[in-house]
Amino acid sequence: MRIETRLQELGLVLPEPLKLPHGLRLPFHWVRVRGNRAYISGHGPLLPDGTTAGPFGKVGAEVTAEQAYVSARLTALSILSSLKRELGDLDHVTAWLRVFGMVNSAPGFTNQPNVINGFSDLIIDLYGPAAGQHARSAIGVAELPLGLPVEIEAEVEIKA
Amino acid sequence: MRIETRLQELGLVLPEPLKLPHGLRLPFHWVRVRGNRAYISGHGPLLPDGTTAGPFGKVGAEVTAEQAYVSARLTALSILSSLKRELGDLDHVTAWLRVFGMVNSAPGFTNQPNVINGFSDLIIDLYGPAAGQHARSAIGVAELPLGLPVEIEAEVEIKA
Amino acid sequence: MRIETRLQELGLVLPEPLKLPHGLRLPFHWVRVRGNRAYISGHGPLLPDGTTAGPFGKVGAEVTAEQAYVSARLTALSILSSLKRELGDLDHVTAWLRVFGMVNSAPGFTNQPNVINGFSDLIIDLYGPAAGQHARSAIGVAELPLGLPVEIEAEVEIKA
């Protein structure tokens, strides 16, 4: 329970599972576990009650880079919430491996890395530099589901 | 041959390999097998004869979400066709792990999940909820090769 | 040192690590090694001194497809440079597995595959068809960090 203790120290709350908006159907799993790997579906930022967290729209236009940094940090909490439900204990994640960060980008916005740092900073803070380190890409996509400003998928190593 | 029997029951046909359009050169493999993993290249929808299947263009403009659902379903058949050529038997896929769905999206189109459901629904129908389940992302990209409406890449576990 | 000998025969130089432009902070690792896998972060093209290599902007507008092919080839050298620093010897890569190629695409540019061939051609030339082969996707993204024309991430098998 080391990671959850650290979350409490930081005053951070894991959100409820996504409350599906009307008309959206998601037949896949948020986390797919196999052997010592967990594959994590693309997540977006959530409020504690499981509704999607704004602001919505394109970073560099409706959403500032600073707001999107917070969205990426909230996305980390969404993913941790899914991992906790799947694994029981967040300490079972033994190594973060790959993080793929997608930023809903307005034309000309090219600071995707500093946005996705909102995710990386929190994960490295929580898990430390050995387990928390990861390979990462940050790119600007044309559109995201529900107008989310950020969507992140990942792959982690877990206790088999 | 359980999966192929199920395909026949559904009246579904695996397409021929992609007939390369003039001027396109693809030096990579459609499926890369190593140990108990198969990495699946980005595939698009094909007609049974291996030519690319329309409609082409951006979902939300030239292509409707309903048409793109069918494109995603055809993309599943393209991938199954590549897997059959590489593995010999589709039953050798023991678990779907990761599905990355890219939708060629017109400005303002944000219903990528329901498009990629055309892929997920068929895979879960064919393989069942245990083997067929997968982690998934669905995003809107700016452009896709040949003006395809959908491109999907994946990773699966196979009998080593 | 077989791969480095081949690089020298081809007259190719591995660039210095990325010299971070002002205002950019990258808290992750370029290569994340775990067991027999190396996960490779999204890289862009570099000049030998580690500064980002132009031309910058969208392929199909400010950058031609032919120029972007060279950018993808330079991106392969950036990745090999990171792998050498992490693994010590490029021969320790025993199999290329997955390559994800992102092209900063102007509206209507759909020849992403021939751009990313600049990466695939060099890797297959260096490693040969058995180890160098890979699954691949090539897509058009809306924006990339720093206005890079190409960004590529990858996963490889290594000697554990």
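How each quantity is defined
Residues numbered from 1 in each chain as written. Chains lettered and ligands numbered in written order. Predicted model: local features only at pLDDT ≥ 70, side-chain atom pairs only at ≥ 80, totals over all residues. Helix = DSSP H or I, 4+ residues; strand = E, 2+ residues; numbered from the N terminus. Rg over C-alpha atoms; globule rule 2.2 N^0.38 Å. Buried ≥ 20, exposed ≤ 12 C-beta atoms within 10 Å, placed from the backbone. Contact = placed C-beta atoms within 7 Å. Least-squares fit on C-alpha atoms with pLDDT ≥ 70 in both. Nonpolar A, V, L, I, M, F, W, Y, C, P; charged D, E, K, R; others polar. pLDDT = per-residue confidence, 0-100. Pairing = 2+ DSSP bridges. Axes fitted to C-alpha atoms, helices over the stretch in contact; angles between N-to-C directions. Left-handed = near helix turned anticlockwise from the far one by under 90°. Core = buried A, V, L, I, M, F, W, Y, C linked by C-beta atoms within 7 Å.

**Student:** What's the story with the overall build of chain A in this structure? I'm lost.
**Tutor:** Assigned secondary structure in chain A consists of 3 helices and 5 strands. The secondary structure elements of chain A, listed N-terminal to C-terminal, are α-β-β-α-β-α-β-β. In terms of overall dimensions, chain A is globule-like: its C-alpha atoms have a radius of gyration of 15 Å, near the 15 Å expected for 160 residues. Overall, chain A is about 45 × 35 × 30 Å in size when its C-alpha atoms are taken along their principal axes. Here chain A holds 160 residues, and the buried ones make up 52% of them. Restricting the contact set of chain A to residue pairs at least 6 apart, pairs at least 24 apart contribute 82%.

**Student:** Hey, could you run me through the relation of the copies chain B and chain A in this one?
**Tutor:** Between the two copies of this chain, the relationship is a rotation about some axis together with a displacement along it. It takes a turn of 120 degrees to lay chain B on chain A, together with a shift of 0.0 Å along the axis; the resulting RMSD is 0.0 Å. A rotation of that kind, with that shift, is consistent with a three-fold axis. Mapped onto chain A, only 8% of the interface residues of chain B are again interface residues, and the two copies thus contact each other with different surfaces.

**Student:** Help me understand the interface of chain C and chain A in this model?
**Tutor:** Interface size is commonly expressed as the accessible area that is lost once the parts come together. Contacts between the two partners involve 23 residues from chain C and, on the opposite side, 24 residues from chain A. For the side of chain C that touches chain A, the secondary structure elements donating two or more residues are β1 (31-34), β2 (37-43) and β5 (150-158) of chain C. A per-element tally of the side of chain C that touches chain A places β2 of chain C first, with 4 residues.

**Student:** Is there a simple way to explain the interface of chain B and chain A in this structure?
**Tutor:** On the chain A side, the residues contacting the 24 residues of chain B number 23 residues. For the side of chain B that touches chain A, the secondary structure elements donating two or more residues are β3 (93-104), α3 (112-132) and β4 (135-141) of chain B. Tallied by class, residues from the side of chain B that touches chain A come to 10 nonpolar, 10 polar and 4 charged.

**Student:** Would you explain the confidence of the model for chain A in this entry?
**Tutor:** Close reading of the predicted structure is inappropriate where its pLDDT is low. Within chain A, residue pLDDT values average 97, and 100% of them lie at 70 or more. Model confidence for the complex is summarised by a pTM of 0.98, with the ipTM given as 0.97.

**Student:** Looking at this structure, how should I read the sheet that holds strand β5 (residues 150-158) of chain B?
**Tutor:** Think of a sheet as strands paired side by side through backbone hydrogen bonds, with each pair either parallel or antiparallel. Residues and elements named next belong to chain B. Strands sit in the order β1-β2-β5-β3-β4 across an open sheet of 5 strands; the sheet is mixed. Edge positions in the open sheet fall to β1 (31-34) and β4, since each of these has one partner strand only. Here the average twist between neighbouring strands, direction ignored, is 10 degrees. Note that β1 and strand β2 (residues 37-43) share 4 bridges and pair antiparallel. Note that in β2 the partner of Arg34 across the bridge is Arg37. Running over the sheet, helix α2 (residues 65-87) touches β1, β2, β3 and β5 and is turned about 40 degrees from β5.

**Student:** Help me out: how do you make sense of the sheet that holds strand β4 (residues 135-141) of chain A in this one?
**Tutor:** All names here are of chain A. Pairing is mixed across the open sheet formed by 5 strands, whose spatial order is β1-β2-β5-β3-β4. Edge positions in the sheet fall to β1 (31-34) and β4, since each has one partner strand and no second. In this sheet, neighbouring strand axes are inclined to one another by 10 degrees on average, regardless of whether the strands run parallel or antiparallel. Inspection of the sheet shows strand β3 (residues 93-104) paired to strand β5 (residues 150-158) by 9 bridges, in the antiparallel sense. In the sheet register, Val99 faces β5, and the bridge partner there is Ala154.

**Student:** Teacher, can you tell me more about the relation of the copies chain C and chain A here?
**Tutor:** Its rotation angle being 120 degrees, the transformation that places chain C on chain A also includes 0.0 Å of axial translation and leaves an RMSD of 0.0 Å. When the interface residues of chain C are mapped onto chain A, a mere 9% of them are again interface residues, pointing to distinct binding faces.

**Student:** How should unusual backbone geometry be read in this particular structure?
**Tutor:** Excluding glycine, a negative phi dihedral is what most residues carry, and trans is how most peptide bonds are arranged. Residue and element names in this part refer to chain A. Here the amide bond leading from Gly54 into Pro55 is cis, since omega sits at 5 degrees, within 30 degrees of zero. Mapped onto the fold, Pro55 is located in the loop between β2 (37-43) and α2 (65-87). The backbone of Leu146 sits at a positive phi, close to 65 degrees, despite the residue not being glycine.

**Student:** Explain the packing of helix α2 (residues 65-87) of chain C against helix α3 (residues 112-132) of chain C here, please?
**Tutor:** How two helices sit against one another is set out by the angle between their axes and by the gap between those axes. Residues and elements named next belong to chain C. Running from amino to carboxyl end, α2 crosses α3 at an angle of 35 degrees, the nearest separation of the two axes being 7 Å. Considering the relative orientation of α2 and α3, their crossing is right-handed. Side by side, α2 and α3 meet where Ala65, Ala68, Tyr69, Val70, Ser71, Ala72, Arg73, Thr75 and Ala76 of the first sit next to Asn114, Val115, Ile116, Asn117, Gly118, Phe119, Leu122 and Ile123 of the second. Looking at the contact of α2 with α3 residue by residue, the class counts come to 11 nonpolar, 5 polar and 1 charged.

**Student:** Which parts of the structure should I look at to understand the nonpolar core?
**Tutor:** Considering soluble globular proteins, one finds that nonpolar side chains tend to be buried as a cluster. Counting residues in hydrophobic clusters, the biggest one holds 140 residues, and the most contacted among them are Val141 of chain A, Val141 of chain B together with Val141 of chain C. Discounting residues that sit within four places of it in the chain, Val141 of chain A has contacts with Met102, Val103, Asn104 and Ser105 of chain A, Ile139, Gly140 and Val141 of chain B together with Val141 and Ala142 of chain C.

**Student:** It is not clear to me how the pairing of β5 of chain B should be interpreted in this structure. Could you clarify?
**Tutor:** Working note: regular strand, side chains alternate between the two faces of the sheet. All names here are of chain B. Summarising burial for β5: 7 of the 9 residues are buried, a large majority. Taken together, the 5 bridges between β2 and β5 define a ladder with antiparallel strand orientation. What sits directly across from Tyr39, in β5, is Glu155.

**Student:** Would you take a moment to explain the environment of Ser81 of chain B for this structure?
**Tutor:** Residue and element names in this part refer to chain B. If you trace the backbone, Ser81 turns up in helix α2. By the C-beta count within 10 Å, which is 22 here, Ser81 ends up buried. Separated by 68 residues in the primary sequence, Ser81 and Val13 place their C-alpha atoms 9.0 Å from one another.

**Student:** Explanation requested: the environment of Pro21 of chain A in the structure shown.
**Tutor:** Residue and element names in this part refer to chain A. By the element assignment, Pro21 lies in the loop between α1 (2-9) and β1. Residue classification places Pro21 among the exposed positions, given that 10 C-beta atoms sit within 10 Å. Separated by 31 residues in the primary sequence, Pro21 and Thr52 place their C-alpha atoms 8.8 Å from one another.

**Student:** Got a minute to help me understand the environment of Leu83 of chain B in this structure?
**Tutor:** All names here are of chain B. One can find Leu83 in helix α2. Owing to 24 C-beta atoms within 10 Å, Leu83 belongs among the buried residues under this scheme. Once the C-alpha coordinates of Leu83 and Val93 are considered, the two residues, 10 residues apart in sequence, prove to be 8.6 Å apart. When neighbours within four sequence positions are excluded, Leu83 is seen to be in contact with Val31, Ala38, Leu90 and Val93.

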